[in-house]
Structures are given as C-alpha cells and as structure tokens.
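# Commentary on secondary and tertiary structure
Letter by letter, the chains look like this.
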Amino acid sequence: MPHPVMFSDDDFGLAEVRAIALDFPEAFEKVSWGRPVFCAPKMFAMFGGNVKGASGMTAYPSSLLVKVDESDRRALEQDRRFFFPAYMGPFGWLGLDLTVSTVDWGEVRELLDASFRLIASKRLIRALDER
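In this report, the structure presented in the accompanying data block is examined. (Residues numbered from 1 in each chain as written. Predicted model: local features only at pLDDT ≥ 70, side-chain atom pairs only at ≥ 80, totals over all residues. Heavy atoms only, no water.)

## Considerations on the packing of helix α3 (residues 105-119) against helix α4 (residues 122-129)
- As a packed pair, α3 and α4 sit with axes 8 Å apart at the nearest point and diverge in direction by 145 degrees. Of the residues in α4, those in contact with Asp 113, Phe 116 and Arg 117 of α3 are Leu 124, Ile 125, Leu 128 and Asp 129.
- For the contact of α3 with α4, the class distribution of residues is 4 nonpolar, no polar and 3 charged. (Axes fitted to C-alpha atoms, helices over the stretch in contact; angles between N-to-C directions. Helix = DSSP H or I, 4+ residues; strand = E, 2+ residues; numbered from the N terminus. Contact = heavy atoms within 4.5 Å. Nonpolar A, V, L, I, M, F, W, Y, C, P; charged D, E, K, R; others polar.)

Spelled out as structure tokens, the structure:
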C-alpha cells in the first residue's frame, strides 16, 4: 500500500526549497513516503517531516530535512528551529521547521549544499564547485 500524499504544491516554503534543491548538479525530485524528496541520485533533502513522541507523531509539514555533518549537529540542535526527525534522525538527519521564524533562504541554501556534499559523488561535487 503506497503512502498517501502528504503535501500540496502550494505548501509554505516548498516552491523555494524546490528551486534551490533542483539547482544542484543532476538533482531531481520524486515523491517518497508521501513527501517531495530531492536526490542526486541519493536523497539529500526531504520536504516535510515528523517527530515521534510519547503521544505519537507530530507533523512538521513545512519543514526541510537535511543530512548534517556530526561537527555541525550540536550547534544546530541548540537552535529551536531544528528538530530530530522520526526514522531519519538516527542516520544523521535534522529537520528545519520553516514556520518558526522568518526564513533565511541563504541559510537554507547552505544547509542543502552541505547535505548534498555529504551524499553526492566526487564527480557531482566537482561539478558543483566548477560553477
């Protein structure tokens, strides 16, 4: 049974995240787990996430999930905009809730860039650096 679609193209922040993410070399979008996922060819970002708590799941529909370097994790976890996403958190991912404060799209680009570099091949990273 496939996941139900859990987003709409007019969700807050999706158009901006999509434009930034699809600008990376060979990046493409697909729907996985009912959410927009950005890959090159491995996943480097997801729009929307959940937190698993004692009372069940809490949805963060307008959020961005990215893979983070362990050296950056502690500082990001201190920021109230970030959360530990269900299922993906233990594998090095954090979520950024886009609704907590005014979004700094330059920061979003930096987070996506760092996530891309953690999963992309050397060839794709070279292509990014040559721009």
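## Details of helix α1 (residues 14-21)
- Listing the buried residues of α1 in full gives Leu 14, Val 17, Ile 20 and Ala 21. Looking straight down α1, one finds that the buried residues subtend no more than 135 degrees of arc, so they occupy a single side.
- On its buried side, α1 packs onto β2 (35-39), β3 (43-53), β4 (56-67) and α3. (Buried < 20%, exposed > 50% of the residue type's maximum accessible area, 1.4 Å probe, protein only. Arc of directions from axis to C-beta.)

## Focus: the environment of Arg 126
- One can find Arg 126 in helix α4.
- For the pair formed by Arg 126 and Pro 4, sequence separation is 122 residues and the distance between their alpha carbons is 37 Å.

## Topic: unusual backbone geometry
- Note that the residue after Ala 40, namely Pro 41, is joined by a cis bond; omega there is -20 degrees.
- Within the element layout of this structure, Pro 41 appears in the loop between β2 and β3.
- Of note, the phi angle at Trp 33 is positive, near 55 degrees, even though the residue is not glycine.
- Following the sequence through the fold, Trp 33 ends up in the loop between β1 (28-32) and β2.
- Despite not being glycine, Tyr 87 has its phi angle at roughly 70 degrees, a positive value.
- Within the fold, Tyr 87 resides in the loop between β5 (82-83) and β6 (93-97).

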